[in-house]
Protein chains: 2
Amino acid sequence: MAEPLITWRGEVLGQWCDYNGHLRDAFYLLIFSYATDGFMEQIGLGESGRQASGHSLFTLECHLNFLHELHQGETVEVQTRVLAFDQKRVQLYHSLHRPGDGQAVAASEQMLLHVDLQGPRSVPFGDASATHLNALHRLHAQLAQPQWVGRVIGLPPPRP
Amino acid sequence: MAEPLITWRGEVLGQWCDYNGHLRDAFYLLIFSYATDGFMEQIGLGESGRQASGHSLFTLECHLNFLHELHQGETVEVQTRVLAFDQKRVQLYHSLHRPGDGQAVAASEQMLLHVDLQGPRSVPFGDASATHLNALHRLHAQLAQPQWVGRVIGLPPPRP
């Protein structure tokens, strides 16, 4: 059965919380950034793969929706899907959950670029990574369309 | 003459840099988050204003473009404009610059919600904040349209 990858699981740290006692916006993205590291492990671009190839992923662009507050000490996990990819780019969808809860507390759509760190310059994925991406993309295409994708920021229309 | 606000200036810290020696994606957003704090100071929602009113801003949604790498020890500043606002929301454009350099190294469009921390529940801006927002919005409307707004994430079209 098709399932998103689980790419990070851990606890909300006190140093990530703001004056309101809530997880600060930037640290939702830090959790998603760690989830991207977890994703890289799964496509052959973990630490040993990066050292062997000199290749890595750079984040080009991301969108974030902050849906619910989180507090210090809560355990959360990130579910990750491959939405699309081409020779050098991969488009991911990360959603943050309390374990066992289907409703996301935050979501992020991201575009990542495969780079040779010598340069740095963009280069095509290696064969092993491309094979992983293709398999994950086919698997995740079976899932229901994620909610927080393709968004443009703007005020809601005024009420009548 | 119309100018964006300068809402944060500081140095890229070593603890914000990743295994590539570059500022990690999440810490660009932390800098923009500090810039939002600086913006709040300027519209009467700094620490003393928050304590007096019990009101604050929550980030609902943001979009980030990572345009250039930054390294530990570099000095950067954030320029901030009010793109739009309504009774309870403000849409900001933050851009990150090396001081004196018009070209941004990153940009973020953000939607923020004004909340009463008792609840928390959304509430209209107070009169003082609304007056500041109106003045800033009129001023910033005189500036050239910012580059990294209204974006949707997606792969570029394949080359012919």
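No experiment lies behind these values; they were computed from the predicted model shown.

### Regarding the interface of chain A and chain B
Reasoning step 1: The partner chain B presents 27 residues to the 27 residues of chain A that form the contact.
Reasoning step 2: Those elements that provide at least two residues to the side of chain A that touches chain B are α1 (25–42), β2 (55–66), β4 (89–97) and β5 (106–116) of chain A.
Reasoning step 3: Here the element with the most residues in the side of chain A that touches chain B is β2(A); it accounts for 9 residues.

### So, the pairing of strand β3 (residues 75–85) of chain B
Residue and element names in this part refer to chain B.
Reasoning step 1: Within β3, 8 of the 11 residues are buried, leaving the element largely enclosed by the surrounding structure.
Reasoning step 2: The sheet contact formed by strand β1 (residues 5–11) and β3 spans 6 bridges and is antiparallel. Bridging from a neighbouring strand, Trp-8 pairs with Val-78 of β3.
Reasoning step 3: As paired strands, β3 and strand β4 (residues 89–97) are joined by 8 bridges and run antiparallel to one another. Bridge assignment links Val-78 to a residue of β4, and that residue is Leu-96.
Reasoning step 4: In textbook terms, the turn of a hairpin is the stretch between consecutive antiparallel strands, and for β3 and β4 this stretch comprises 3 residues.

### Thoughts on the relation of the copies chain A and chain B
Reasoning step 1: Each copy superposes on the other: chain A lies on chain B with an RMSD of 0.0 Å after a rotation of 180° and an axial shift of 0.0 Å. This pairing of chains is accounted for by a two-fold axis. Closest approach to the rotation axis among the C-alpha atoms of chain A is made by His63(A), whose C-alpha sits 2.1 Å away.
Reasoning step 2: Of the interface residues in chain A, 100% have counterparts in chain B that sit at the interface too, so the contact is made through matching surfaces.

### Considerations on the packing of α1(A) against helix α1 (residues 25–42) of chain B
Each pair of packed helices can be summarised by the angle the axes make with each other and by the distance between the axes.
Reasoning step 1: Interaxial distance between α1(A) and α1(B) falls to 8 Å at its minimum, and their mutual angle equals 175°. By the criterion of interaxial angle, the relationship of α1(A) to α1(B) is roughly antiparallel. On the side of α1(A), the interface is formed by Asp25(A), Ala26(A), Leu29(A), Leu30(A) and Ser33(A), while α1(B) contributes Asp25(B), Ala26(B), Leu29(B), Leu30(B) and Ser33(B).
Reasoning step 2: By residue class, the composition of the contact of α1(A) with α1(B) is 6 nonpolar, 2 polar and 2 charged.

### Some remarks on the environment of His114(A)
Residue and element names in this part refer to chain A.
Reasoning step 1: By the element assignment, His-114 lies in strand β5.
Reasoning step 2: The exposure class of His-114 is buried, given the 25 C-beta atoms found within 10 Å.
Reasoning step 3: Through-space distance from the C-alpha of His-114 to that of Gln-87 is 8.7 Å; in sequence the pair is 27 residues apart.
Reasoning step 4: Apart from residues no more than four positions distant in its own chain, His-114 is found in contact with His-55, Leu-57, Lys-88, Ser-122, Val-123 and Phe-125.

### As for unusual backbone geometry
Reasoning step 1: With an omega of -15°, the peptide bond between Gly119(A) and Pro120(A) qualifies as cis.
Reasoning step 2: You can see Pro120(A) is positioned in the loop between β5 and β6 (121–122).

The rules we used
Residues numbered from 1 in each chain as written. Chains lettered and ligands numbered in written order. Predicted model: local features only at pLDDT ≥ 70, side-chain atom pairs only at ≥ 80, totals over all residues. Contact = placed C-beta atoms within 7 Å. Helix = DSSP H or I, 4+ residues; strand = E, 2+ residues; numbered from the N terminus. Buried ≥ 20, exposed ≤ 12 C-beta atoms within 10 Å, placed from the backbone. Pairing = 2+ DSSP bridges. Least-squares fit on C-alpha atoms with pLDDT ≥ 70 in both. Axes fitted to C-alpha atoms, helices over the stretch in contact; angles between N-to-C directions. Parallel < 35°, antiparallel > 145°, perpendicular 65-115°, else oblique. Nonpolar A, V, L, I, M, F, W, Y, C, P; charged D, E, K, R; others polar.

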